[in-house]
Amino acid sequence: MTDIGINPDQIDLAEYRQSATFPPNVIAEIQRAADQGIYEIRGWGPKRKLPTFDDLAFLGASLSRYPLEGYREKCDTDVVLGSRFAKKPLHLKIPITVAGMSFGAISSNAKRALGHAATAMGTATTTGDGGMTHEERESSQTLVYQVLPSRYGVDPDHLRACDAVETVIGQGAKPGGGGMLLGLKVSERVAAMRTLPEGIDQRSACRHPDWTGPDDLTIKIQELREITDYEKPIFVKMAATRVRFDVQLAVKAGADVVVLDGMQGGTGATQDVFIEHVGVPTLAAVREAVEALEELDMHRKVQLVVSGGIRSGPDVAKALAMGADAVSLGTAVLIALNCNRNIYVEDYEALGTKPGFCHNCHTGRCPVGITTQDPELEKRLEPDAASRRVRNYLSTLTLETQTLARACGKSHVHNLEPEDLVALTLEAAAMAGVPLAGTSWIPGR
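The residue numbers shown here count from 1 along each chain, following its written sequence. Reporting of local features is limited, given that this is a predicted model, to residues whose pLDDT is at least 70; pairs of side-chain atoms are given and counted only at 80 or more, and all residues count toward the totals for whole chains, interfaces and linings. In computing side-chain values, all of the structure's heavy atoms are included and hydrogens and water are not.

Further remarks concern the sheet that holds strand S14 (residues 303-307). By this definition, two strands are paired if DSSP reports at least two bridges between them. Comment: elements are numbered from the N terminus, with helices defined as DSSP H or I runs of at least four residues and strands as E runs of at least two. Read from one edge to the other, the open sheet built from eight strands follows the order S5-S15-S14-S12-S11-S8-S7-S6, with strand pairing classed as parallel. The outermost strands of the open sheet, each flanked by one partner alone, are strand S5 (96-98) and strand S6 (124-126). Between one strand axis and the next, the sheet turns through 25 degrees on average, direction left out of account. Pairing geometry for strand S11 (residues 234-239) and strand S12 (residues 257-261), over five bridges, is parallel. Every angle, taken between N-to-C directions, lies between 0 and 180 degrees, and every axis is a line fitted to C-alpha atoms, over only the stretch in contact when it is a helix.

Printed below as a string of structure tokens:
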């Protein structure tokens, strides 16, 4: 049968006028849907361009303020999470944590490497769905245990063995949707941990089975406190959608920490329509969350952790300046492990992609051994070397954050404030609530 589809690579744009409504990628997706009759599932985060922290800039110190000398004057980076009610809040050396990524979504070697790197930097990792593995508990000095709607692998003994508990309501990549783990990644070990049949697709519930709103969340948080003898901080993680109301309801329910995952958050697998078309960009979500906490006089009393597309020290510093207490990284630390590195090119090509463009986390065929349960592929990720790369990356982010804070005259990264920022676009000014550069104007105010 002759293929009559359009090949974008063969189009001479000088000769053919491209449709703005139906560009080649839209045509290709319509044809794929027509051929397959099902939505696309993939990993990673959105491909579309969204407003980011790159659209903000710092006002460094000059004559009206003086900077701190980098080699003489201290700039602290520590943060306490969970100081509201917990007997044993987390005291981290840096305000950068590792986000929840399940064993199943990523390999045991990846879990081990992330744990060792976080421990070396004095920060925390997070379990993800499906329970806790001994590799991550042994390698992570500080471990946050996630309780998701699926309840896969939830064990009261493991709750008590961890350092904090994170109740997950939603994720930035799929607000209102449950998790997915395709059968290729449901190995014998993963199946046993989740009480599932081996090799069968796993689809998690989109909401917790025993509560339907904030009143039930209050009961759930109280149950978790009782199970952990009121020692562990209780985090509530949510996708960025109706941010102001959701944050305030989480505070009312008794959360010690709110984790807010913006639209740029990644995932191991979900529908492409979720990734690209649901949620609020992280930049806008931070400002709404901080304002929600300030309205309740709970800013800095209930800590705010922001995730979703955080990539660099400037991203960290800008999130802190907008009012976050810490950030959490997922996709970025996978890239530091080796994700999308220009190696094993032939295996990327077998997936129909190439390094730098891969989003095939859902297939279990990760060429670099990160998002796989295949023993042979997993061997490609050497935990010690991978741990060093992540540690170097986290160290660089911390140094960059300190450098920017000192340039603004701050002796602690948490002393950064919105006054230190300007926006470079109208959209960023409106979303972040900071003035457009060269003006005192904040659109909409």
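Okay, the packing of helix H6 (residues 214-227) against helix H7 (residues 243-253) next. In contact at an axis separation of 8 Å, H6 and H7 are set at 40 degrees when each is read in the N-to-C sense. Taken together, H6 and H7 sit at an angle that is classed as oblique. In this structure, H6 crosses over H7, and the sense of that crossing is right-handed. On the side of H6, the interface is formed by Pro214, Asp215, Leu217, Thr218 and Ile221, while H7 contributes Leu249, Ala250, Lys252 and Ala253. Just so you know the grouping, Ala, Val, Leu, Ile, Met, Phe, Trp, Tyr, Cys and Pro go in nonpolar, Asp, Glu, Lys and Arg go in charged, and all remaining residues, Gly too, go in polar. Its residues assigned to classes, the contact of H6 with H7 shows six nonpolar, one polar and two charged. Angles below 35 degrees are treated as roughly parallel, those above 145 as roughly antiparallel, those between 65 and 115 as roughly perpendicular, and all remaining angles as oblique. A crossing counts as left-handed when the near helix is turned anticlockwise from the far one by less than a right angle, and as right-handed when that turn is clockwise. The contact rule is simple, with two residues in contact once any of their heavy atoms fall within 4.5 Å.

Another point: unusual backbone geometry. Although it is not a glycine, Arg151 adopts a positive phi angle of roughly 60 degrees. Here Arg151 is to be found in the loop between strand S7 (142-147) and helix H4 (156-161). In the Ramachandran plot, Asp229 falls in the positive-phi region, its phi being about 55 degrees despite a non-glycine side chain. For every residue, the accessible area (1.4 Å probe, protein chains only) is compared with the maximum for its type, and the residue is labelled buried under 20%, exposed over 50%, or partly exposed between those bounds. Owing to a relative accessible area of 43%, Asp229 belongs among the partly exposed residues under this scheme.

Turning our attention to the pairing of strand S15 (residues 326-329). A regular strand places its side chains on the two faces of the sheet in alternate fashion. Of the two faces of S15, the one carrying Ala326 and Ser328 and the one carrying Val327 and Leu329 are both buried. The sheet contact formed by S5 and S15 spans three bridges and is parallel. Directly across from Ile96, in S15, lies its bridge partner Val327. With three bridges joining them, S14 and S15 adopt parallel strand pairing. Across the sheet, Val305 pairs through a bridge with Ala326, a residue of S15. For the crossover from S14 across helix H10 (residues 313-321) to S15, the handedness is right-handed. Here the term right-handed applies to a crossover when the path leading from its first strand over the helix to its second strand runs clockwise, the strands being oriented away from the viewer.

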